[in-house]
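# Structural overview
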Amino acid sequence: MVSTLASSSRTYPTPAVRYDVFLSFRGEDTRHSFRDHLYEALLQSGFRTFRDNDEIDRSQQLKPEIETAIMESRASIVVLSANYANSRWCLDELCLILQQMKNCNHFVLPVFYHVDPSDVRNQTGSFTFERSVWTSVANLTTNFLKCLACLGIEVNKESKWTEVNMRRWKGALTEVANLIGFDFSRYICFLSIHVYNYGCKRTDRLTNSS
């Protein structure tokens, strides 16, 4: 489990490298759009790139092949989009990716896809955990445990996994946001300005030549 891996301070041996890049993304935000274009660009540039194409239940634990792909990659590109933090799958991926960065010199490039890096860093905006599904799960779990305790049913204290995970996920989001990354919205703004300037200059040339 990723929670066990991420919480361990052991240094793991560097696994055999199978991929140059692992793509971490939220499918509903980027599938068939930016992510596909990025994937094709990486392949055309000669980078062996892993992406998961399965329409899977992102509420479940990471599949072993995903964990293996992360550990067998030289680098990861983390596409942080509006619904990234609503996926336990994505958050567990991120924790394992950052663990690889610390233990195995794994390069990590965050891409802020139509989100503000400060929202990721501080868990505000669409990254606010207090309004996320995981806060609701944590509250339900806490209330359920209280009900069991009232009935005299012994409860394992480790059942409060949601609170532990939320602290871990918040720390991972803050850490990845502090890395040098790529702000997609600023790039689009920069590109739009240059396209506009190019259009104006071209119009001026056509006007002067007529």
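Right above here is the structure, for reference.
For the structure given in this document, a descriptive report is provided here. Along each chain, residues carry numbers from 1 onward, in the same order as the chain's sequence is written. Predicted model: local features are reported for residues with pLDDT of at least 70 only, side-chain atom pairs are reported and counted for 80 or more only, and whole-chain, interface and lining totals are derived from all residues. Excluding hydrogens and water, the side-chain figures rest on all heavy atoms present in the structure.

## What to know about the overall build of the chain
A helix here means a DSSP run of H or I that spans at least four residues, while a strand means a run of E at least two residues long, and both kinds are numbered starting from the N terminus. Assigned secondary structure in the chain consists of nine helices and five strands. The secondary structure elements of the chain, listed N-terminal to C-terminal, are α-β-α-α-β-α-β-α-β-α-α-α-β-α.

## Examining the packing of aromatic side chains
Only Phe, Tyr and Trp rings are paired, with Trp represented by its six-membered ring, and only when their centres lie within 6.5 Å; those with planes under 30 degrees apart are stacked, over 60 edge-to-face, the remainder tilted. Applying the stated criterion across every chain, the model contains five aromatic pairs. Judged by centre distance (5.3 Å) and plane angle (65 degrees), the ring pair of tyrosine 19 and phenylalanine 50 falls under edge-to-face. Placement of tyrosine 19 in strand β1 (residues 19–24) and of phenylalanine 50 in strand β2 (residues 49–50) is noted, with a sequence separation of 31 residues between them. Classification of tyrosine 19 as buried rests on a relative accessible area of 14%. Each residue gets one of three labels from its accessible area relative to the maximum for its type: buried under 20%, exposed over 50%, partly exposed in between, using a 1.4 Å probe on protein chains only. Residue classification places phenylalanine 50 among the buried residues on the basis of a relative accessible area of 14%.

## Looking at the sheet that holds strand β4 (residues 107–112)
A pair of strands is considered paired only if DSSP assigns at least 2 bridges between the two. A sheet is described by the order of its strands in space; here five strands give the open sequence β2-β1-β3-β4-β5, paired in parallel fashion. The open sheet has two edge strands, β2 and β5 (182–183), and neither has a second partner. Relative to β4, strand β3 (residues 73–80) is paired through six bridges, and the arrangement is parallel. Residue pairing across strands places isoleucine 77 opposite leucine 109, the latter belonging to β4. Residue contacts are defined here by distance: any two heavy atoms, one from each residue, within 4.5 Å place the two residues in contact. Helix axes are fitted to C-alpha atoms over the stretch in contact, other axes to C-alpha atoms as well, and angles between N-to-C directions run from 0 to 180 degrees. Across the face of the sheet, helix α4 (residues 64–71) comes into contact with β1, β2 and β3 while running at roughly 130 degrees to β1. Taken strand by strand, helix α5 (residues 88–104) contacts β1, β3 and β4, and its axis lies near 145 degrees from that of β1.

## Describing the pattern of salt bridges
Once the charged atoms of two side chains with opposite charge are near each other, the side chains can pair. We define a salt bridge as a contact between a side-chain nitrogen of Lys or Arg and a carboxyl oxygen of Asp or Glu at a distance within 4 Å. In this structure the tally under the stated criterion is seven salt bridges. For aspartate 36, the salt bridge identified is with arginine 35, shortest N-O distance 2.1 Å. For arginine 35, a relative accessible area of 2% translates into the label buried. When salt bridges with common partners are traced through the structure, they connect Asp20, Arg48 and Arg74 into a single cluster.

## Considerations on the pairing of β4
Following the chain from β3 across α5 to the adjacent parallel β4, one finds a crossover that is right-handed. In the sheet, β4 pairs with β5 via two bridges, with the strands oriented parallel. Paired with phenylalanine 112 across the strands is aspartate 183, a residue of β5. Handedness of a crossover: with both strands directed away from the viewer, a clockwise path from the first strand across the helix to the second marks it as right-handed.

## Description of the environment of glutamine 123
Along the polypeptide, glutamine 123 turns up in the loop between α6 (117–122) and α7 (133–150). For glutamine 123, a relative accessible area of 12% corresponds to the buried category. Separated by 50 residues in sequence, glutamine 123 and leucine 173 place their C-alpha atoms 7.6 Å apart. Beyond its immediate sequence surroundings of up to four residues, glutamine 123 is in contact with Thr128, Phe129, Lys170, Leu173 and Thr174. A 3.5 Å cut-off defines polar contacts: any pair of N or O atoms within that distance qualifies, except that in protein one atom must be a possible hydrogen donor and the other a possible acceptor, and neighbouring residues in sequence count only when both atoms are side-chain atoms. Of the polar contacts made by the side chain of glutamine 123, one reaches the backbone oxygen of arginine 121; its length is 3.1 Å.

## What about helix α3 (residues 34–44)?
Within α3 the residues assigned to the buried category are Phe34, Arg35, Asp36, Leu38, Tyr39 and Leu42. Of the residues trailing α3, glycine 46 is marked for its positive phi of about 90 degrees.

## So, the nonpolar core
Soluble globular proteins tend to pack their nonpolar side chains together in the buried interior. Grouping buried Ala, Val, Leu, Ile, Met, Phe, Trp, Tyr and Cys residues that are joined through side-chain atoms within 4.5 Å yields what is termed a nonpolar core. In terms of nonpolar packing, the biggest core is built from 30 residues, with Leu80, Leu94, Val120, Phe127 and Leu173 touching the most fellow members. When contributions to this core are tallied by element, the ones reaching two or more residues are β1, α4, β3, α5, β4 and α8 (161–177). Counting residues per element, this core draws most heavily on α5, at eight residues. In terms of nonpolar packing, the next biggest core, distinct from the first, is built from twelve residues, Val21, Phe34, Val79 and Val111 among them.

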